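The lines below spell out each chain.
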Amino acid sequence: MLRFSDISSAQDHLKKQRSHGKTIGLVPTMGALHDGHYSLIRASLKENDVTLTSIFVNRIQFNKSEDFENYPVNLESDISNLEKVGNDIVFTPSQDDMYPEEPVLSINFGRLAHGLEGEFRPGHFSGVGLVVSKLLNIVNPDRAYFGQKDLQQFAVISRLVKDLSYNVELRCIPTLRTSTGLALSSRNRRLSTKGLQQASILYKSLIYAKEQLQKKVDFLDITREIQNLCYESSVDLEYFEIVNPITLESISEIEVYDEVALCIAGYVEGVRLIDNMIVSYEY
Ligand code: AMP
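Attention here is on the structure that accompanies the text. (Residues numbered from 1 in each chain as written. Predicted model: local features only at pLDDT ≥ 70, side-chain atom pairs only at ≥ 80, totals over all residues. Heavy atoms only, no water.)

Side note on helix H8 (residues 151-163)
Line of reasoning, step 1. End to end, H8 covers 18 Å across 13 residues, agreeing with the expected 18 Å (1.5 Å per residue, within 8%).
Line of reasoning, step 2. Among all positions of H8, only Leu151, Gln152, Gln153, Phe154, Ala155, Val156, Ile157, Leu160 and Val161 are buried.
Line of reasoning, step 3. Close packing links the buried residues of H8 with helix H6 (116-120), helix H7 (124-139), strand S5 (143-147), strand S6 (169-173), strand S8 (259-268) and strand S9 (271-280).
Line of reasoning, step 4. Remark: Ser165 follows H8 within two positions and exhibits a positive phi of approximately 55 degrees. (Helix = DSSP H or I, 4+ residues; strand = E, 2+ residues; numbered from the N terminus. Expected span 1.5 Å × (residues − 1). Buried < 20%, exposed > 50% of the residue type's maximum accessible area, 1.4 Å probe, protein only. Contact = heavy atoms within 4.5 Å.)

Describing unusual backbone geometry
Trans peptide bonds make up the majority, and among non-glycine residues the majority have a negative phi.
Line of reasoning, step 1. Within the chain, Lys216 stands out as a residue other than glycine whose phi angle is a positive 65 degrees.
Line of reasoning, step 2. Take Lys216: it is sitting in the loop between helix H10 (201-214) and helix H11 (219-232).
Line of reasoning, step 3. Even without being a glycine, Ser234 presents a positive backbone phi close to 60 degrees.
Line of reasoning, step 4. Counting through the fold element by element, Ser234 comes out in the loop between H11 and strand S7 (236-243).
Line of reasoning, step 5. The class of Ser234 is exposed, set by a relative accessible area of 51%.

Regarding the sheet that holds S7
Line of reasoning, step 1. An order of S7-S8-S9 is seen for the 3 strands of this open sheet, with the pairing classed as antiparallel. The open sheet is flanked by S7 and S9, the only strands paired with a single partner. Adjacent strand axes in the sheet meet at a mean angle of 10 degrees when their direction is disregarded.
Line of reasoning, step 2. For S8 and S9, the ladder comprises 10 bridges, and the chain directions are antiparallel. Its bridge partner being in S9, Gly266 is matched across the sheet by Leu273.
Line of reasoning, step 3. Here H11 sits on the sheet in contact with S7 and S8, set at roughly 155 degrees to S7. (Pairing = 2+ DSSP bridges. Axes fitted to C-alpha atoms, helices over the stretch in contact; angles between N-to-C directions.)

Topic: the packing of aromatic side chains
Line of reasoning, step 1. Inspection of every chain in the model, using the stated rule, returns 6 aromatic pairs.
Line of reasoning, step 2. Judged by centre distance (5.7 Å) and plane angle (75 degrees), the rings of Phe62 and Tyr71 are edge-to-face. Here the two residues Phe62 and Tyr71 agree in accessibility, since each one is buried.
Line of reasoning, step 3. Consider the rings of Phe219 and Phe240, whose centres lie 5.8 Å apart with planes at 35 degrees: the pair is tilted. A residue pair is termed long-range when its members are at least 10 positions apart, and Phe219 in helix H11 and Phe240 in strand S7 qualify at 21 residues.
Line of reasoning, step 4. Owing to a relative accessible area of 8%, Phe240 belongs among the buried residues under this scheme.
Line of reasoning, step 5. These aromatic residues form a ring-pair network of at least three members: Phe62, Phe68 and Tyr71. (Phe/Tyr/Trp six-rings, centres within 6.5 Å; stacked < 30°, edge-to-face > 60°.)

Some details on the pattern of salt bridges
Line of reasoning, step 1. This structure, assessed with the given rule, holds 11 salt bridges.
Line of reasoning, step 2. The partner of Glu47 in a salt bridge is Arg171, and the shortest N-O contact between them spans 2.9 Å. Of this pair, Glu47 sits in helix H2 (residues 35-47) while Arg171 sits in strand S6, and the two are 124 residues apart along the sequence.
Line of reasoning, step 3. Across the pair Arg143 and Glu169 runs a salt bridge whose closest N-O atoms are separated by 3.6 Å. You can see Arg143 sitting in strand S5 and its partner Glu169 sitting in strand S6, a full 26 residues away along the chain.
Line of reasoning, step 4. The exposure class assigned to Arg143 is buried, which follows from its relative accessible area of 16%.
Line of reasoning, step 5. Classification of Glu169 as partly exposed rests on a relative accessible area of 37%.
Line of reasoning, step 6. One salt-bridge network, held together by shared partners, links Glu47, Arg143, Glu169 and Arg171. (Salt bridge = Lys/Arg side-chain N within 4 Å of Asp/Glu carboxyl O.)

Quick look at helix H4 (residues 75-85)
Line of reasoning, step 1. Of the positions making up H4, those classed as buried are Asp78, Ile79, Leu82 and Val85. The buried residues of H4 occupy one face: seen down the axis, they fall within an arc of 120 degrees. Away from its buried face by more than 90 degrees, H4 exposes Glu76 and Lys84.
Line of reasoning, step 2. The elements touched by buried residues of H4 are strand S1 (2-4), H2, strand S3 (50-55) and strand S4 (89-91).
Line of reasoning, step 3. Downstream of H4 by a residue or two, Gly86 has a phi angle that is positive, lying close to 95 degrees. (Arc of directions from axis to C-beta.)

Set out below in structure tokens:
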């Protein structure tokens, strides 16, 4: 596996690969890699000649500086795991290389970023949009891979690609989970064994909501029960919402839609976790 730690050497190498007709897959990550990340990389390895995984903790997408400072960094073990998965290139730019000056540009994703994560993490999607734009410009990939776990992120990046005419195919890869259903996340490392058990209530809430929706139980009743479930498991629920999976607008009359997304966020032991599930709604 090759490693590039600065933009220009990565670009020189990628230029050569493209001149040999090789297709390139980009997997953007912030490191602290787990099986969820590896499933994105495996998807890219199948579809492209060359897979580049970036590891960059994007300071400007954190609305709380302590979250950025506490973000887990395991570069050595990430790199050795990437080797094992068969990743071709790891790109590990420095903060100074990516942001030689504090960026003045911000991206307003309008209604797409108003609710859910956007509501609770002001500025987050502008930071995500900027770093993804930079990575797309640097790598110029044929395909880029993102996880469904960050559904709103996928929605804003899809619009970014459309609105700025990036010539890239986007792939949304299903969420990988532990045996209890908990979505894999770099943040899970900060949970105790008890916290990991409590956190699985987020997934169980989504399953419960799906079953109740399919039985046409009233949305308010479902929400109330989810609030109870979370409270009993000491999970501090931040939101539970049912939204249109493309526009992310809140839905009150689900009969109008074929598919809805259930989105949930909450704190366990002070760690903020998110999850979602797409539900096909049969009338
Ligand atoms: P992160 O390093 O947390 O920024 O995540 C990098 C990419 O991995 C994002 O596109 C995430 O949506 C994706 N990802 C994170 N967790 C999972 C998971 N459990 N299953 C699949 N993809 C994931």
